[in-house]
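Descriptive analysis of the structure
Residue strings, one per chain:
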Amino acid sequence: MNLLSLGRGKTGSLVAQVARERGHDVTQLGSADNAGAASLTADRLASIDAVVDFTTPQAVLANIEACVTGGKNMVVGTTGWYEDLERVRQLVGKNQTGFLYGANFSIGINVLFEAAQTAAGILQHQYLGHIFERHHAQKKDAPSGTAATLQKIIRDTSGVEVEITSFREGDVVGMHEVVLDSPNDTIYLCHDSKSRRGFAEGAVRAVEWLAGKRGFFDFKDVWRQT
Ligand SMILES: NC(=O)c1ccc[n+]([C@@H]2O[C@H](COP(=O)([O-])OP(=O)(O)OC[C@H]3O[C@@H](n4cnc5c(N)ncnc54)[C@H](OP(=O)(O)O)[C@@H]3O)[C@@H](O)[C@H]2O)c1
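This report concerns the structure included in the present document. Being a predicted model, the structure only gives us computed values, none of them experimental.

1. Here's the deal with helix α6 (residues 145-158)
- If you check α6, its first and last C-alpha atoms are 20 Å apart, about what 14 residues at 1.5 Å a residue would give, namely 20 Å.
- Turning to α6, its buried residues number three or more, namely Gly145, Thr146, Ala147, Thr149, Leu150, Gln151, Ile153, Ile154 and Ser158.
- Against the buried residues of α6 lie α5 (107-119), β6 (128-135), β7 (163-168), β8 (175-181) and α8 (219-222).
- Residue Gly159 follows α6 closely and has a positive phi angle near 80 degrees.

2. Side note on the environment of Gln58
- In this structure, Gln58 sits in the loop between β3 (50-53) and α3 (60-69).
- Taking C-alpha positions, Gln58 is 26 Å from Asn2, a pair spaced 56 residues apart along the chain.

3. What to know about unusual backbone geometry
- The peptide bond linking Ala142 to Pro143 adopts the cis configuration, its omega dihedral lying at -5 degrees.
- Residue position: Pro143 is located in the loop between β6 and α6.
- The backbone of Ala37 shows a phi angle near 65 degrees, a positive value even though the residue is not glycine.
- Accessibility expressed as a relative area gives 10% for Ala37, which makes it buried.
- Of note in the backbone geometry, Gln126 takes a positive phi value of approximately 65 degrees without being a glycine.
- Here Gln126 lies in the loop between α5 and β6.

So, how was this worked out
Residues numbered from 1 in each chain as written. Predicted model: local features only at pLDDT ≥ 70, side-chain atom pairs only at ≥ 80, totals over all residues. Heavy atoms only, no water. Helix = DSSP H or I, 4+ residues; strand = E, 2+ residues; numbered from the N terminus. Expected span 1.5 Å × (residues − 1). Buried < 20%, exposed > 50% of the residue type's maximum accessible area, 1.4 Å probe, protein only. Contact = heavy atoms within 4.5 Å.

What follows is the structure in structure tokens.
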């Protein structure tokens, strides 16, 4: 495929590397080339099969609007924009493109999501829940999109809103922990990323899975098929 990778940062540059390893042609754009999505013209998009976005919460919505209205399939790893999810879902429906987003493209985290969903019922049985997340000091959003997704999964399953505590320190890739505590015992569900490679591989597999599809997809619902 001819892929356009938006964002040349820590994750976007790995996405480009993994995509090339898997045989795709990749064009990359960083912020200097694409302020306000200015580069995403019909001409630029004409030869592109799909776009991957690992940019910033400030940049991502303009990128989405340009690519979706330009008729391109898109995979979005950027977090911090989910209050606009419904608007984007409608835009994708109107333009009949394929769109896949995910708070976390690591397979391990998606198993944690399912473990948290299974465990959440225990909040009806004298347990109190808390989510802890730890990331590198440069991370721009807090809580992380992954922690917010864990909170939503637990709320949807148990009706209980558990609190999130965020830590920003050093170069931590990403640690998420759900703690369920009772007078008798404590359950810890913890995922600790060793590198960003798992995110990049998941995102590239998501692009490949999305080829030829239309619709609005969340990676946590489709990762087993990718
Ligand atoms: N879903 C997942 O699995 C997952 C995993 C990791 C990270 N993330 C999310 O992905 C996003 C990026 O994370 P990161 O750690 O890679 O951040 P990062 O290292 O800060 O990289 C962000 C990049 O976006 C670029 N950028 C900003 N505006 C742009 C624009 N208009 N067009 C093109 N590029 C633009 C920046 O370019 P300059 O450096 O030139 O300014 C920078 O290289 C964050 O929202 C993070 O939470 C998601």
